[in-house]
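Tertiary structure, described
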Amino acid sequence: MVLSLLLVAVGFVLLIFGANWLVDGGSLLAKKYRVSDLAIGLTIVAFGTSAPELVVNLIASTNGYSDIILGNIIGSNNFNLFIILGITGMIMPVTVKTSTSWREIPVSLFVAVLLLLLANNFYVQNSVPQLSRIDGIIMLVLFVLFLYYVFTQLRSDHTSEHITSTQKPMWQILGLIIIGLAGLVAGGKLVVTHSVSIATELGVSEKIIGLTIVAAGTSLPELVTSVVAAWKKNSDIAIGNVIGSNIFNILLILSVSSLVTPVDYTSGFDQDIYILIGGTVLLLLFMLTGKKKRIDRWEAALLFLFYTFYTVYLVTKEL
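Residues numbered from 1 in each chain as written. Predicted model: local features only at pLDDT ≥ 70, side-chain atom pairs only at ≥ 80, totals over all residues. Heavy atoms only, no water.

Moving on, we come to the confidence of the model for the protein. Across the protein, pLDDT averages 82, with 90% of residues at or above 70. Put simply, helix H2 (residues 37–63) is where the protein has its lowest mean pLDDT, 74, and strand S3 (residues 263–264) is where it has its highest, 92. (pLDDT = per-residue confidence, 0-100. Helix = DSSP H or I, 4+ residues; strand = E, 2+ residues; numbered from the N terminus.)

Interhelical geometry of helix H7 (residues 206–231) versus helix H8 (residues 235–260) gives an angle of 160 degrees and a closest axis separation of 7 Å. Compared by their axis directions, H7 and H8 come out roughly antiparallel. Where H7 crosses over H8, the two elements pack in a sense that is left-handed. Contacts from Glu 222, Thr 225, Ser 226, Ala 229 and Ala 230 of H7 reach H8 at Ser 235, Ile 237, Ala 238, Asn 241, Val 242 and Ser 245. (Axes fitted to C-alpha atoms, helices over the stretch in contact; angles between N-to-C directions. Parallel < 35°, antiparallel > 145°, perpendicular 65-115°, else oblique. Left-handed = near helix turned anticlockwise from the far one by under 90°. Contact = heavy atoms within 4.5 Å.)

Here a ring pair, both rings aromatic, is described through the centre-centre distance and the interplanar angle of the planes. The full count for this structure, using the stated rule, is nine aromatic pairs. With centroids separated by 5.3 Å and ring planes inclined at 10 degrees, the aromatic side chains of Phe 82 and Tyr 307 adopt a geometry described as stacked. Highlighted residues: Phe 82 in helix H3 (residues 66–91) and Tyr 307 in helix H10 (residues 297–318), separated in sequence by 225 residues. Phe 82 sits in the buried class, given a relative accessible area of 3%. In this structure Tyr 307 comes out as buried when scored by relative accessible area, which is 3%. Ring geometry for Phe 143 versus Phe 248: centroids 5.0 Å apart, planes at 85 degrees, classification edge-to-face. Here the residue Phe 143 occupies a position in helix H5 (residues 133–156), and Phe 248 occupies one in helix H8, the gap between them amounting to 105 residues. (Phe/Tyr/Trp six-rings, centres within 6.5 Å; stacked < 30°, edge-to-face > 60°. Buried < 20%, exposed > 50% of the residue type's maximum accessible area, 1.4 Å probe, protein only.)

Counting through the fold element by element, Asn 80 comes out in helix H3. Residue class for Asn 80 comes out buried when judged on its relative accessible area of 0%. Ignoring sequence-local partners within four residues, the contact set of Asn 80 consists of Leu 85, Ser 219, Glu 222, Val 242, Ser 245, Asn 246 and Asn 249.

If you check H8, its first and last C-alpha atoms are 36 Å apart, about what 26 residues at 1.5 Å a residue would give, namely 38 Å. A bend of about 35 degrees at Asn 249 is the largest found in H8. Among the 26 residues in H8, 23 count as buried, and that is most of the element. (Expected span 1.5 Å × (residues − 1). Bend = angle between axes of the 7 residues up to and from the residue.)

This next bit is on the side chain of Ser 257. Here Ser 257 lies in helix H8. The contact partners of Ser 257, leaving out residues within four places of it in the chain, are Asn 57, Ser 61, Ile 69 and Val 263.

In the contact formed by helix H9 (residues 270–288) and H10, the axes pass within 11 Å of each other and the chain directions differ by 170 degrees. On the basis of the axis angle, H9 is roughly antiparallel to H10. Together, Gln 271, Asp 272, Ile 275, Leu 282 and Phe 286 of H9 and Glu 299, Leu 302, Leu 303, Phe 306, Tyr 307, Tyr 310, Tyr 313 and Leu 314 of H10 make up the contact between the two elements.

And the structure:
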């Protein structure tokens, strides 16, 4: 137990440094090619911080741990939306400077609704609920279309004309990104692996481990990256990272997981997907109220407190 706690602490250190290097590298890359921070947040940073979820789910898929796979992704997306945006917004109100986010948030809402429909086999009657390989192909095709859409937006993003370029050499920028990603993956793996070991010793179920310990552990890169980005006043990277990661988690990671092994689905996860859908709608409403295109501190606190109480409820109900 003591060794596991120490390795979790080492994982946290790797996550913090990795996130810092990734944000620096991502911002430099955005400036070098005169593209928006939001675009980088939605692609490179989102993919990099979703890497721990991918690693964990691939391991879980090969071992047939369906509840870990689903709990990890659904829990991570809720953690991203409520806890990460909540903490980030309480530290520094998140201002969205680019109109692109108004298109990506509805995409993340559509993806959450799609997951609910596919997992419950809405197009196949009287069948066992699961994410089949066909579902995986559907999500993977949509992921490719999403990437195409993002890069199409890059070409038409007129805000890029006003972004000052950087003279940093490419090897230095790529070095920061690669080292940052390596730190995030290694740190996330240490935190998740040994947190699961600790939780298992305490006798907690696979579903709760997935929704809480594993989800929080694999979301730590998103948390640290978004907090660091907001602290450095890179709000577009902060929110682009969260929204991009939520889209990546479902369309890419769940599709790959179901292609490896079909993922059995239990209706108990419906409640958590409804919360994800409701939270995404709430995020849109926050953008339209008060100071537009901004998550104020009280709104961020509301997100954080709601999901904190919900997580406590889940754990106490389990115990």
